[in-house]
Amino acid sequence: MAQNTERLQALDALRGIAAVGVMLFHYIPYFNELFGHSFTPWSFLEFGRYGVHLFFILSGFVIFMTLERTPTAKWFGLARAFRLLPSLWAGIILTSIFVHLLGPESRLVSFPDALVNATLLHEYFELPHVDGAYWSLVVEATFYVWMAILFYGLGQGQKLRVVLWAWVIGSYFAVFYWKAIPDGLEFLIKDLLFTKYAPLFISGMLLFRWHKHGTPSMADRLLLVVAMAHCLVAYKSPFNFFVVGCYATFIMAVMGYLNFLANRPLLLLGRLSYALYLVHQNIGYGIIQLCYDYGLPGQVGVMVAIAVVVTLAYGIHTLIEQPALRWFRQYRKTSMDSDRSAPAPLQEPKQLP
């Protein structure tokens, strides 16, 4: 798999498509399950919930790319923080305001709980999400911490491969014996090691290695197959086969067969995907319910909700996400240039014998 800018742009487009799939799942079948719609939802939109799994594959791919070009764990952590947190904080503020004004009341979160959400540690304290979609951000942040520890502690070689093998095999055992996991190990296995999802990230990492460095070793190819096959046992049918389809689509994009997706509308959607993911769910629920209160058809409520949250996402992306990333990149460049230009410390002259 040779490198190609259009192929990576096609992955950005896939990110946008996945975000829309998740949004439509929440607005139509899941809203109907929670609150009830005036129309019969399209059943195929149930598959949209598994757009998150495509996000996880993408994250594995992108994160290994970031790790390889980031010299230290400090800069990696700062890069991830500036990528996630400014937009997250904006999403928390907007979602809190909208839910307090429009509801649903069942989605109200207290101010202290919202503050803990801002750290992405809230799930570990069993606190509610400001927006239900935030559960996956907790998984993402945990994955970043593990990769910083493993990559900068073990390097890219055999030691890291051993850990990845253990993680994937352990994930199989976890899903096989999910209900039998002892209470004392639940937090480690289900939360810290997120064994229902870890092979998705690991598959993305291995696919990046293949894309960047050419045909992998037989051991890495075998690990990739085993990691990808995990979805067949981790998720119920037919959704497990949908995740297989996500893998196939992802690989086709990396190989260059989906370059037609790299068009302006889908690339814009890809750029907005993170902000859209942050603000879509509870804000959308409140807007759809408001439209029902005014006697509008459910389909109209869904379209109004989409228009509002896409506008909010565009605002977060242009006013917060992009400026924060630009500032960080300039700060990092200035700091690294300063470190390189600093004079080397004087050494003590060697004593003559």
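What comes next concerns the included structure. (Residues numbered from 1 in each chain as written. Predicted model: local features only at pLDDT ≥ 70, side-chain atom pairs only at ≥ 80, totals over all residues. Heavy atoms only, no water.)

This part is about the overall build of the protein. Helices and strands together make up the secondary structure of the protein, namely 13 helices and zero strands. Secondary structure of the protein in N-to-C order comes out as α-α-α-α-α-α-α-α-α-α-α-α-α. For 353 residues, the compact-globule estimate of 2.2 N^0.38 gives 20 Å, and the C-alpha radius of gyration of the protein, at 22 Å, lies within 12% of that figure. Seen through its principal axes, the protein has C-alpha atoms that stretch 95 × 50 × 45 Å. Looking at the protein as a whole, 47% of its 353 residues qualify as buried. Taking as baseline every contact in the protein between residues at least 6 positions apart, the subset at least 24 positions apart corresponds to 77%. In the form shown here, the protein has an accessible surface area of approximately 17700 Å², with 65% of it arising from carbon and sulfur atoms. (Helix = DSSP H or I, 4+ residues; strand = E, 2+ residues; numbered from the N terminus. Rg over C-alpha atoms; globule rule 2.2 N^0.38 Å. Buried < 20%, exposed > 50% of the residue type's maximum accessible area, 1.4 Å probe, protein only. Contact = heavy atoms within 4.5 Å. Areas by Shrake-Rupley, 256 points an atom, 1.4 Å probe, with all protein chains shown as cover.)

Before going further, it helps to examine unusual backbone geometry. Of note, the bond from glycine 103 into proline 104 is cis; its omega dihedral lies within 30 degrees of zero at 0°. As for its position among the elements, proline 104 is in the loop between α3 (73-102) and α4 (111-117). Looking along the chain, the bond that leaves serine 237 and enters proline 238 is cis, with omega of 5°. Considering the arrangement of structural elements, one finds proline 238 in the loop between α9 (218-234) and α10 (239-255). With a phi angle near 60°, glutamate 126 is a residue other than glycine that sits in the positive phi range. You can see glutamate 126 is positioned in the loop between α4 and α5 (135-154). A residue is classified by how much of its surface remains accessible, and glutamate 126, at 73% relative accessible area, is exposed. Backbone geometry at phenylalanine 194 places phi at a positive 30°, although glycine is not the residue there.

Quick look at a nonpolar patch on the surface now. A cluster of nonpolar side chains, contributed by Ile169, Phe173, Phe176, Tyr177, Leu232, Val233, Phe241 and Val244, occupies part of the molecular surface with about 780 Å² of accessible area. Elements with a contribution of two residues or more to the nonpolar patch: α6 (158-176), α9 and α10. Ranked by the residues each element gives to the nonpolar patch, the list is headed by α6, at three residues. The residue valine 244 is located in helix α10 in this model. (Patch = residues over 30% accessible without salt bridge, like charges linked within 9 Å, V, L, I, M, F, W, Y side chains within 5 Å. Salt bridge = Lys/Arg side-chain N within 4 Å of Asp/Glu carboxyl O.)

Turning to helix α12 (residues 281-293), a few remarks are in order. For an α-helix the count is 3.6 residues per turn, leaving residues at separations of three or four pointing the same way. A rise of 1.5 Å per residue sets the reference length of α12, with its 13 residues, at 18 Å; its end C-alpha atoms lie 19 Å apart and thus fit the reference within 8%. Inspection of α12 places Gln281, Asn282, Ile283, Gly284, Tyr285, Gly286, Ile287, Ile288, Cys291 and Tyr292 among the buried residues, and these make up the whole buried set. (Expected span 1.5 Å × (residues − 1).)

Inspection of the secondary structure assignment puts leucine 102 in helix α3. For leucine 102 and threonine 334, which are 232 residues apart along the polypeptide, the C-alpha to C-alpha distance reads 45 Å. In this view, leucine 102 contacts Gly286, Ile287 and Leu290; residues no more than four positions away in its chain are not counted.

Here we take up the packing of helix α2 (residues 51-68) against α5. If you want to describe how two helices pack, look at the angle between their axes and the distance between the axes. With their axes 11 Å apart at the nearest point, α2 and α5 run at an angle of 30° to one another. With respect to their mutual orientation, α2 and α5 come out roughly parallel. Regarding α2 and α5, the two cross each other, and that crossing is right-handed. Contacts between α2 and α5 involve Val52, Phe55, Phe56, Ser59, Gly60, Ile63, Phe64, Leu67 and Glu68 on the former and, on the latter, Trp135, Ser136, Val139, Glu140, Phe143, Tyr144, Met147, Phe151 and Tyr152. Class assignment for the residues of the contact of α2 with α5 results in 13 nonpolar, three polar and two charged. (Axes fitted to C-alpha atoms, helices over the stretch in contact; angles between N-to-C directions. Parallel < 35°, antiparallel > 145°, perpendicular 65-115°, else oblique. Left-handed = near helix turned anticlockwise from the far one by under 90°. Nonpolar A, V, L, I, M, F, W, Y, C, P; charged D, E, K, R; others polar.)

Attention shifts here to helix α11 (residues 264-279). With 16 residues, α11 extends 22 Å from end C-alpha to end C-alpha; this agrees with the ideal 22 Å at 1.5 Å per step. Along α11, the sharpest change in direction is near 55° and occurs at serine 273. Where α11 begins, the side chain of asparagine 263 points an oxygen toward the backbone nitrogen of leucine 266, at a separation of 3.1 Å. (Bend = angle between axes of the 7 residues up to and from the residue. Polar contact = N/O pair within 3.5 Å; in protein donor to acceptor, adjacent residues only side chain to side chain.)

According to the stated counting rule, one finds 34 aromatic pairs in the structure shown. Between the aromatic rings of phenylalanine 47 and phenylalanine 239, the centroid separation amounts to 5.1 Å while the plane-to-plane angle is 55°, which identifies the pairing as tilted. Placement of the pair is phenylalanine 47 in the loop between α1 (5-34) and α2 and phenylalanine 239 in helix α10, with a sequence separation of 192 residues. Ring plane angle 50° and centroid distance 6.1 Å describe the contact between phenylalanine 143 and tyrosine 144, whose orientation is recorded as tilted. For phenylalanine 143, a relative accessible area of 1% translates into the label buried. In this structure an aromatic cluster arises from ring pairing among Phe56, Trp135, Phe143, Tyr144, Trp146, Trp167, Phe194, Tyr197 and Phe201. Against the face of tryptophan 75 rests lysine 74, its NZ or CZ located 4.6 Å from the ring centre. (Phe/Tyr/Trp six-rings, centres within 6.5 Å; stacked < 30°, edge-to-face > 60°. Lys NZ or Arg CZ within 6 Å of the ring centre and 35° of its normal.)

What follows is about the state of the cysteines. Scanning the model with the defined rule gives zero disulfides in all. With no disulfide of its own, cysteine 231 lies 8.9 Å from the sulfur of cysteine 246, the closest cysteine sulfur. (Disulfide = S-S within 2.5 Å.)

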